[in-house]
Amino acid sequence: MHHFPLVSVVVPTYNRSCYLSEAIQSVFVQEYVPLEIIVVDDGSTDNTREVLHQYFDRVTCIYQSNQGAAVARNVGIAASKGAYIALLDSDDIWRPGKLREQVQFLNDKPYYGMVGCKVVEIAHDGSVIQNGLGDDVSQEYVALERVLLDSPLPPSTLLVRREALPQPYPFTPGIHYCEDWEFCLRVALIHPIGYINQPLVGYRSHSQNLTFPIVSQAKVEEHLCNRLRVLTSIATHVPPELLAAQAKAEANEYARFSIPTYMNGEFVLGAARIATAIRLDPERWYAGGELAEVIVLYAGLLLHQRGEREAFVFLDNVFAHLPVELKKPEHMRAAVYARIRIAAAFEDYRQRQFGQVLTNIFKATVNNPTSLANRGVLSITARSLVPPLRHRRVGNLHR
């Protein structure tokens, strides 16, 4: 008879009462037994206790003062009994079959210490925003270098063998915001990590995510400090053939945190961080293509949250203070401005600001003539030309 190991599901939560039931219910519908569910309430001040009370006979609840996600997960793991540990953040959900697929994977492949999977990004209400994040992981193995440079393994995707848990603590206390990345790196240094190329987890995107783009410079510094600390802590354990990847990973952090640094008006520091990224990894950051994507991300965020004026003031400030080490920044500038102008045009169209639609599309075309090749751009251009003519005609009839 086939042996099915006990799976312990560890759910840390902090003021997520509005999502917690949905997360727990997504475990109940799994086509897998036996399992235990352990929820660690990390000092919530909302009605989390009331939500958990309805599951008193099916869920083990642990209450503690607020100590952070790393400690909460460690407490849950220490209380667990399963041969396999499954992690689930309380604002995410599992899709049916998630546990069955992953247990089968680890049962069939005993040389893997842990397995992850693809996710779909979901909104506050559970609707799908983006399908299949992590599409570029096409094989069943996630190499240490991939975890180091750009980990495709959110906590809610992970199923890990108990014997593969890092010691002395699975999650290092004192690491904030990126404790899951550090955990995956410590596992990957010793055990192969598997990957199931199916979207088995709904990853919720909302303004309270700890990884949501930061606005205060103090938080930017705290995030960067924690991520650099992780890289420093594993540096002596990285095999010699991956030392170049270690430098690339450090470059990634400086480049990605340079743009929110600009956002906070720290232009000299932002430029210095881009220069550091170029020095550490000129292949990726010297030409500016990757950097443009980061700039577009933050400019788009400002556009939607604070409007066009703030988005373009931000862009003006970035491009006025780029480091001299960057190659041909004028080309990058034209491409970035065109993309944000087009994004602004679509926003204007939704708000029926048709004159502003045409202005932004004209300016985008000046920056990048190929902007008009986009069908959507052509469509809103044509539709924005029609309403003024229609309104003028109606007005003439009343004169």
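Residues numbered from 1 in each chain as written. Predicted model: local features only at pLDDT ≥ 70, side-chain atom pairs only at ≥ 80, totals over all residues. Heavy atoms only, no water.

1. Describing the overall build of the protein
- The secondary structure content of the protein amounts to 15 helices and 10 strands.
- By principal-axis analysis of the C-alpha atoms, the protein measures approximately 85 × 55 × 40 Å.
- With 399 residues in all, the protein has 50% of them scored as buried.
- Partitioning the contacts of the protein with sequence separation of at least 6, the portion at a separation of at least 24 is 74%.
- Of the roughly 19100 Å² that the protein leaves accessible, carbon and sulfur atoms contribute 55%.
- Separation of charge centres in the protein, based on 39 positive and 41 negative side chains, amounts to 8 Å. (Helix = DSSP H or I, 4+ residues; strand = E, 2+ residues; numbered from the N terminus. Buried < 20%, exposed > 50% of the residue type's maximum accessible area, 1.4 Å probe, protein only. Contact = heavy atoms within 4.5 Å. Areas by Shrake-Rupley, 256 points an atom, 1.4 Å probe, with all protein chains shown as cover. Lys, Arg positive; Asp, Glu negative; His and termini not counted. Charge placed at Lys NZ, Arg CZ, Asp CG, Glu CD.)

2. Brief notes about the pairing of strand β3 (residues 60-64)
- With 5 bridges joining them, strand β2 (residues 35-42) and β3 adopt parallel strand pairing. Bridging across to β3, Asp42 finds its partner in Gln64.
- Taken together, β2, helix α2 (residues 48-53) and β3 form a β-α-β motif whose crossover is right-handed. (Pairing = 2+ DSSP bridges. Right-handed = clockwise from strand over helix to strand, strands pointing away.)

3. A look at unusual backbone geometry
- With an omega of 5°, the peptide bond between Val33 and Pro34 qualifies as cis.
- By secondary structure assignment, the location of Pro34 is in the loop between α1 (17-28) and β2.
- Between Gln167 and Pro168 the backbone carries a cis peptide bond, its omega angle lying at 5°.
- Summarising the element assignment, Pro168 is placed in the loop between β9 (159-161) and α6 (179-188).
- We note that Asn15 has phi near 55°; this positive angle belongs to a residue other than glycine.
- Its place among the elements puts Asn15 in the loop between β1 (7-13) and α1.
- Even without glycine at this site, Lys328 takes up a positive phi of about 45°.
- Note that Lys328 resides in the loop between α12 (308-320) and α13 (329-350).
- Overall, the relative accessible area of 48% leaves Lys328 in the partly exposed class.

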